[in-house]
Amino acid sequence: MKFNIKIVYGLLLALAFVSCSSSDDENKTPPSPYTQYGAPFDKMPKKEDAIIYQVNIRAFSQAGNLKGVQDRLTQIQELGANVIYLMPVFPVGKERATGELGSPYAVKDYKAVNPDFGTLQDLQTLVEEAHKKNMAVILDWVANHTAWDNAWITQHKNWYQQDANGNIIIPPGTNYNDVAQLNFNNTEMKDAMIDAMSYWVYNANIDGFRCDYADFVPNNFWSDAITKLRKIKKNQEILMLAEGSKYNHFASGFDFTFGFNFFYTIEQLFKENKPATTIQDSNATEYANVYDPSNKVVRYTSNHDVNLSDGTPLELFGGKKGSVAMFVVAAYLKSIPMIYNGQEIGYDKRLNYFAKTPIDWSTADASMLAEYKKIIAFRNTSNAIKTGEFTGYSSNAVSAFTMIKDVEKVFVLSNLTSSTVKHLIPNTLKGNWKDAFTGATVSVGADVTLQPFQYLVLKN
C-alpha cells in the first residue's frame, strides 16, 4: 500500500493540534453555566481589615427575613463592621427536624433561598445595598451534611456515607440526627457541591463563605473548592473562613480559622478563676503552626452556638463591663474580631436559632454600643493591632500585651476581674503614652491601678 506523504503529514499536524488543544483545555477553567450578577465590589476589605458581624436571620428583626437585615445595614456599618456573615439562607429540611423550625444547618436545597427569608432577588438586593455601604457579604456554607429530605438523598444515595447494611448515616461521632453525612470519596458529589457554592458567587454576587464544621471535611475538597471559587472573581478577593482550628486550613486557601481554643480559655477564666496569662498560652497554641503572618484566627465572645448553649457575653463574662473588657482582648489580641448580632447593645437574652426569637433593639444600652464603636474604630485605624507583632505581659488578673508594627506601638491592659488591681509594668514600657481613644497623655510608671473590669488602650 502506498502512502500519500501530503495526507500523512496533514494527519500528523491534525493530531498534534488535537493533542495541544486537549492539554490546553485541561488547564483552563471549564465554562460556567452561570453568568455573573451584579457589579464588581471594589471596596472589598483586605483580610487583615475584616471586622465580621454575624447575622442570625431569624432573630435579627421582627420579620425574621432578608429584608429585615437590609433595613439595619446602616446600624451594622455605623458599628464599624465591614463583613456581614449571614447564617444559612437555604430551605431547611422538615424530615427529622430539630426544634420548632428546624436547624438552619440542615440544608434541603443548596441552590435556593428559604422562602421564610424571602427570594433570590431579596438576597441580591441585600448584597447590593451592603456593597454600597462598603460591606462584604459572606454566606454560611454547610458542606459536611444535608437534610434528610434533600433531593440528593433519593437521586444520589452513593453521595452519602452508609453503614454495612447500606443505610445512610448521621455524621459519625455526633448526635446530629437531623442531618445525613455526605461521602467525600465521591467525585460527583464534590463537583456538585463546588457548583452549588459557585452558584451563589455568580447569582448573588456574594464575597465568600464561612464554612461550617470545616475540620471534618477533607482538606483536598476545600483546596479544590477555594481554588475554583477564587477564579470566579478575577479582580476581587473573596474571604474564606473555616469554622475549624486545623492549621492546614490555611494551606487549603482559607484566610481565617476559628478561635475555639481562645473562647474555651476565656470561658474558663471566668468560670474557674483561671489566670489571665492562660489567654497568652491559648494564643500561642492557636498560632503554633501558622507560619504566614497574614493568616489570622477569628476571635469572639459570642456566636450562635455558644450564645444558646453557654450563655450571652453578659452571663459568661461578668455583666456589661466585664463583657466589654473581654471583647477588647478578643478584638485586639492578634485576631480578626467577630460580633454576634445583639451583643453590641448588651442584649441579655439567649437566641434560639431553631426558632424565632427576635432581638428587641429598643432595649439597646447606648453607652455599651458607643464603647463597641470606639473599640472597633481604633482597630480600623491601627496597623499595629491589625498586623503587628504580639508580646504578652499578663498577670493573674490583667490581660496585658503590646502589638507593634513599624513605628506604631499599642499597649493594651484589661482587668478581667471584679476587683481593683495593681499591675506591674516592665521597664521597657514605662514612660509617656497617649490614650488611644482620647489622645490624652498617660504617664506610666512602675505600676498601673485598674478598677474592676477597666481597660486601657495606649499608643506611642
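For clarity, every value in this text was computed on a predicted model and none was experimentally measured. Every residue gets a number counted from 1 within its own chain, in the order that chain's sequence is written. The predicted nature of this model means local features are confined to residues of pLDDT at least 70 and side-chain atom pairs, given and counted, to a pLDDT of 80 or more, with totals for whole chains, interfaces and linings taken over all residues. Based on all heavy atoms of the structure, the side-chain values leave hydrogens and waters out of the count.

### Some details on the overall build of the protein
How we decide: Put simply, DSSP marks the helices as runs of H or I at least four residues long and the strands as runs of E at least two long, and each gets a number from the N terminus on. Throughout, the radius of gyration refers to the C-alpha atoms, and the reference size of a globule is 2.2 Å times the residue count to the power 0.38. Throughout, exposure labels follow a simple rule: accessible area from a 1.4 Å probe, protein chains only, divided by the maximum for the residue type, with under 20% read as buried, over 50% as exposed, and the rest as partly exposed.
Within the protein one finds 16 helices and 18 strands. Computed over its C-alpha atoms, the radius of gyration of the protein comes to 25 Å, within 12% of the 23 Å expected for a compact globule of 460 residues. Dimensions along the principal axes, computed over C-alpha positions, put the protein at roughly 100 × 55 × 45 Å. Counting every position in the protein, which comprises 460 residues, the buried fraction comes to 53%.

### Quick word on the packing of helix 5 (residues 120–132) against helix 7 (residues 187–204)
Condition: The axes used here are C-alpha line fits, helices contributing only the stretch in contact, and every angle between their N-to-C directions lies in the interval 0 to 180 degrees. For this classification, under 35 degrees means roughly parallel, over 145 means roughly antiparallel, 65 to 115 means roughly perpendicular, and everything else is oblique. Residue contacts are counted whenever heavy atoms from the two residues lie within 4.5 Å of one another. Three residue categories are used. Nonpolar comprises Ala, Val, Leu, Ile, Met, Phe, Trp, Tyr, Cys and Pro, charged comprises Asp, Glu, Lys and Arg, and polar comprises the others, including Gly.
The N-to-C vectors of helix 5 and helix 7 enclose an angle of 65°; their axes lie 10 Å apart at closest approach. Comparing the axis directions of helix 5 and helix 7 gives the class roughly perpendicular. Residues Leu120, Leu123, Gln124 and Val127 of helix 5 touch helix 7, and the partners they reach there are Tyr199, Trp200, Asn203 and Ala204. Tallied by class, the residues present in the contact of helix 5 with helix 7 amount to 6 nonpolar, 2 polar and no charged.

### Here we look at the pairing of strand 1 (residues 52–55)
Consecutive side chains of a regular strand alternate in pointing toward one face of the sheet and then the other. The condition that has to hold: Strand pairing is assigned whenever DSSP detects at least two bridges linking the two strands.
Burial of strand 1 is two-sided: the residues Ile52 and Gln54 facing one way and the residues Tyr53 and Val55 facing the other way are all buried. Here strand 1 runs beside strand 10 (residues 335–340); their pairing, made up of 3 bridges, is parallel. Looking at the pairing, glutamine 54 lines up with tyrosine 340 of strand 10. Of the strand pairs in this sheet, strand 1 and strand 2 (residues 83–86) are connected by 4 bridges, and their pairing is parallel. Following the sheet pairing, isoleucine 52 is matched in strand 2 by valine 83.

### A look at the pattern of salt bridges
The line we're drawing: Within this document, salt bridges are pairs made up of a side-chain nitrogen of Lys or Arg and a carboxyl oxygen of Asp or Glu, the two lying within 4 Å of each other.
Under the counting rule described, the total for this entry stands at 18 salt bridges. Three or more residues joined by partner-sharing salt bridges are found here, namely Lys47, Arg230, Glu237 and Asp255.

### What about the environment of glutamate 344?
To be explicit about the condition: The definition of a polar contact used here is a pair of N or O atoms within 3.5 Å, where within protein one atom must be able to donate a hydrogen and the other to accept one, and adjacent residues in sequence count solely through side-chain atom pairs.
Mapping glutamate 344 onto the fold places it in the loop between strand 10 and helix 15 (366–381). Given a relative accessible area of 5%, glutamate 344 falls into the buried group. Beyond its immediate stretch of four places on either side in the chain, glutamate 344 contacts Tyr53, Leu79, Ile339, Trp361, Met368, Leu369 and Tyr372. In this structure the side chain of glutamate 344 is engaged in a polar contact, spanning 2.7 Å, whose partner is the side chain of tyrosine 53. Within polar-contact distance, the side chain of glutamate 344 engages the backbone nitrogen of glycine 342 at 3.0 Å.

### Observations regarding the confidence of the model for the protein
What counts, and what does not: Residue-level confidence of the predictor, termed pLDDT, takes values from 0 up to 100.
Confidence in the prediction for the protein averages 94 pLDDT; 93% of positions are at 70 or higher. This model gives residues 1–27 a pLDDT under 50, and the stretch forms 1 contact once residues within four places in sequence are excluded.

### Quick look at helix 15
Using the following cut-off: The length a helix should cover is 1.5 Å for every residue beyond the first. Of all possible arcs, the one meant is that of the directions from the helix axis to the C-beta atoms.
Across its 16 residues, helix 15 extends 23 Å between first and last C-alpha, which sits within 8% of the 22 Å expected from 1.5 Å per residue. Within the sequence span of helix 15, burial applies to Met368, Tyr372, Ile375, Ile376, Phe378 and Arg379. Take helix 15 and look down its axis: the buried residues cluster within an arc of 160°, on one side only. Facing away from the buried side of helix 15, by more than 90 degrees, are the exposed residues Ala366 and Thr381.

### Looking at the pairing of strand 3 (residues 136–141)
To keep it simple, the criterion reads: A crossover counts as right-handed when, viewed with the strands pointing away from the observer, the path leading from the first strand over the helix to the second turns clockwise.
Burial analysis of strand 3 places 6 of its 6 residues in the buried class, which makes it a mostly covered element. The sheet contact formed by strand 2 and strand 3 spans 4 bridges and is parallel. In the sheet register, valine 83 faces strand 3, and the bridge partner there is alanine 136. Regarding topology, helix 5 serves as the crossover connection from strand 2 to the parallel strand 3, and that connection is right-handed.

### Points about the sheet that holds strand 13 (residues 408–415)
Judged by pairing direction, the sheet is antiparallel, and its 6 strands sit side by side in the order 11-12-13-18-15-16 without closing on themselves. Strands with a single pairing partner mark the edges of an open sheet, and in this sheet they are strand 11 (389–392) and strand 16 (441–444). For this sheet, the mean inter-axis angle between neighbouring strands, taken without regard to orientation, is 30°. Pairing between strand 13 and strand 18 (residues 455–459): 5 bridges, direction antiparallel. Bridge pairing in strand 18 links phenylalanine 411 to leucine 458. Taken strand by strand, helix 15 contacts strand 13 and strand 18, and its axis lies near 30° from that of strand 18.

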